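# Coordinate analysis (summary)
Take a look at the letters that make up each chain.
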There are 2 protein chains.
Amino acid sequence: MKVGTLAKKAGLTVRTLHYYEEVGLLAPAQRTEAGHRLYGAAEVARLQHVVLLRQLGFSLEEIRACLDQPEASLARAVALRLARLEEEIALQQQLHRRLETIAARLRAAEDVSIETFIQTIKVMTMIEKYYTPEQLKQLEERGRQIGEERIREAEGEWKDLIAEVRAEMEKGTDPASETMQRLAARWQGLIQEFTGGDPGIYQSLKTMYQQEGPAKASRGMVDPEVTAYMVKAMQAGE
Amino acid sequence: MKVGTLAKKAGLTVRTLHYYEEVGLLAPAQRTEAGHRLYGAAEVARLQHVVLLRQLGFSLEEIRACLDQPEASLARAVALRLARLEEEIALQQQLHRRLETIAARLRAAEDVSIETFIQTIKVMTMIEKYYTPEQLKQLEERGRQIGEERIREAEGEWKDLIAEVRAEMEKGTDPASETMQRLAARWQGLIQEFTGGDPGIYQSLKTMYQQEGPAKASRGMVDPEVTAYMVKAMQAGE
DNA sequence: ATAAGACCTTACGTCGCGTGAGGATCAAGG
DNA sequence: CCTTGATCCTCACGCGACGTAAGGTCTTAT
């Protein structure tokens, strides 16, 4: 059997068969005097094995090792490949979460310049530093449950709330006053809605605000003064 | 700022920065008379963008296009990347299912030669031809619920059952006889356990047996004669 | 006999750099 | 001022698994 025939049978190209010979994976049984490659039944079988192993994502090198020493632990090779694949999948899924979040934020933002885009990515990497992968999954799940619309609405509520708090702060209102306690309750309600009541997520959120500062952590929505003032109000309420 | 400094700041190597200049992605603002690269604030910013976009899995070419025409639809680029990623993930997960199945079969088989291994893979590709991806997921899920032990047990039951049916066939027992009806009931019970009662899976299974023939479809456990005899018994029972 | 098709070897391109080789330049100490 | 070590430069090959010519030889059908 000549190369072209074998190539068609195996669904490969002639070049591929040439290459397999080049790397010592599959040599023809013999050659004609003109140098044309001739393959026998054994080669057909071996090629079939190669194709199947390739479909499982093994490298040509690994396949060669596998086929050349039949006593080599196939089970080990499969386990190894499986482990590698699982790592890859985990990476891909992390990337998927990032891209989804970014896409959602892009849909939400009115300004889609490169700057906001880059800003979004920076925020995401910051967030990924403070939440564990499981927490991120949970947050994603909660985001879906709540819906994009409610998220936008909540962002509006935050804006209003912060503005009101700042007004009280500038008026010099006592943090322990009833007005401030009502605002503090709304504040904690919004946080509660975000965390879904999960104490771990609440903790991570707090750590992020402490480490990065309120301005960065809130993406510019709130500044240190207002935050400090609100913390006082919440402490007074305890 | 010189290359080494910039490289350290960005967490890249000097070679990478050289390469980025080579492909027209990031050129230094100027050079010293000795030819040393000098980068300014604008280049630092651009490099930051490049790094971030790389983390999202964009190719250098795509990044260049993105950065060189700021009005280019970032949202579209993200959507495109997301779609590509989802395809990749789907492929990886298919591969993952295959490898898991193979690993399980390898654990179950006493003979772990290349031949059984290859045989397993062939069977898997055949199976994937007849079941939809959702059905495969369902089957995987059922396999986990049932447990490997019960699966091995069931395989033993199949062997016994087939032997008994063959014995009756060779004795010339009437397919409509009560003996055969009891065997048919056991037969259908085992199938039922496998399909989990899903009619779609049952249909796919039937199609596979019709198209591939009983010997191939059952991995050599049953032959056409026994199958035909059993079909008669089941028809007689209706 | 001739034309079309199959075959041969050689070799460069892909992508994102890593890893040298061999030499020029720079900053700091003796 | 000279040396030394760090940093810089360009050039170029390497990777993995082939694709894609280019330019020539062989086989097969008419």
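Just above, that's the structure.
The following refers to the structure shown. (Residues numbered from 1 in each chain as written. Chains lettered and ligands numbered in written order. Predicted model: local features only at pLDDT ≥ 70, side-chain atom pairs only at ≥ 80, totals over all residues. Heavy atoms only, no water.)

Below, the discussion takes up the protein's contact with DNA strand C. Residues in close proximity to DNA strand C total 18 residues, the closest being His18 and Arg37 of chain A together with Thr13, Tyr19 and Arg54 of chain B. Sugar and phosphate atoms form 74% of the subset of DNA strand C atoms that lie within 4 Å of the protein. The separation between a phosphate oxygen of DNA strand C and a polar main-chain atom of Gly4 of chain A is 3.1 Å. Arg54 of chain B is positioned such that a nitrogen or oxygen atom in its side chain is 3.1 Å from a phosphate oxygen of DNA strand C. Put simply, the parts of the chain that give the surface near DNA strand C at least two residues each are helix H1 (3-10) and helix H2 (14-22) of chain A together with helix H2 (14-22) of chain B. (Near = heavy atom within 4 Å. Polar contact = N/O pair within 3.5 Å; in protein donor to acceptor, adjacent residues only side chain to side chain. Helix = DSSP H or I, 4+ residues; strand = E, 2+ residues; numbered from the N terminus.)

It is worth spelling out empty space enclosed by the protein at this point. Tallying each qualifying case throughout the model produces one cavity of 30 Å³ or more. Here the largest cavity defines a volume of roughly 40 Å³. Surrounding the largest cavity, Leu53, Phe58, Glu62, Ile63, Cys66, Leu74, Ala77 and Val78 of chain A together with Phe117 of chain B form its lining. Where the lining of the largest cavity is concerned, the elements lending two or more residues are helix H4 (60-68) and helix H5 (74-108) of chain A. (1 Å grid on protein atoms, 1.4 Å probe; cavity = no way out; pocket = protein on both sides within 12 Å on 5 of 7 lines; lining within 4 Å. Points joined across faces, edges and corners; volume = space filled by probe spheres on them.)

A word on the protein's contact with DNA strand D. Every one of the 18 residues lining DNA strand D counts as a neighbour, but Thr13 and Tyr19 of chain A together with Gly4, His18 and Arg37 of chain B are closest to it. When atoms of DNA strand D within 4 Å of the protein are split into backbone and base, the sugar-phosphate part holds 75%. Residue Arg54 of chain A places a side-chain N or O atom 3.3 Å away from a phosphate oxygen belonging to DNA strand D. At 2.7 Å, a side-chain N or O of Arg37 of chain B approaches a phosphate oxygen of DNA strand D. Of all elements in the fold, only H2 of chain A together with helix H1 (3-10) and H2 of chain B reach the threshold of two or more residues within the surface near DNA strand D. Among the elements that make up the surface near DNA strand D, the one with the highest residue count is H2 of chain A (four residues).

For these two chains of identical sequence, chain B goes onto chain A by a turn of 180 degrees and a shift of 0.0 Å along the axis, with RMSD 0.1 Å. Here the two chains are linked by the operation of a two-fold rotation axis. Within chain B, Ile89 of chain B has its C-alpha nearest the rotation axis, a separation of 3.4 Å. (Least-squares fit on C-alpha atoms with pLDDT ≥ 70 in both.)

On the side of chain A, 36 residues touch chain B, which itself brings 36 residues to the contact. Approximately 3500 Å² of surface area, both sides summed, lies buried where chain B meets chain A, with 77% of it carried by carbon and sulfur atoms. There are two residue pairs in polar contact (both at pLDDT 80 or more) connecting chain B and chain A. Listing elements by their share of the side of chain B that touches chain A, those giving two or more residues are helix H3 (41-55), helix H4 (60-68), helix H5 (74-108) and helix H6 (114-130) of chain B. The dominant element in the side of chain B that touches chain A, judged by the number of residues it contributes, is H5 of chain B, at 19 residues. (Contact = heavy atoms within 4.5 Å. Buried area = accessible area lost by both parts, 1.4 Å probe.)

Moving on, we come to the pattern of salt bridges. All names here are of chain B. One pass over the structure, following the stated rule, counts 38 salt bridges over all chains. For Arg64, the salt bridge identified is with Glu61, shortest N-O distance 3.0 Å. One end of the pair is Arg64 and the other is Glu61, both in helix H4 and three residues apart, which spans about a single turn. Given the relative accessible area of 26%, Arg64 is considered partly exposed. Here Asp223 ties to Arg166 by a salt bridge, and the two come within 2.7 Å at their closest N and O atoms. (Salt bridge = Lys/Arg side-chain N within 4 Å of Asp/Glu carboxyl O. Buried < 20%, exposed > 50% of the residue type's maximum accessible area, 1.4 Å probe, protein only.)

Residue and element names in this part refer to chain A. Taken as a whole and judged by the stated rule, the model has two aromatic pairs over all chains. With centroids separated by 5.1 Å and ring planes inclined at 85 degrees, the aromatic side chains of Trp158 and Trp187 adopt a geometry described as edge-to-face. A residue pair is termed long-range when its members are at least 10 positions apart, and Trp158 in helix H8 (residues 148-171) and Trp187 in helix H9 (residues 178-195) qualify at 29 residues. (Phe/Tyr/Trp six-rings, centres within 6.5 Å; stacked < 30°, edge-to-face > 60°.)

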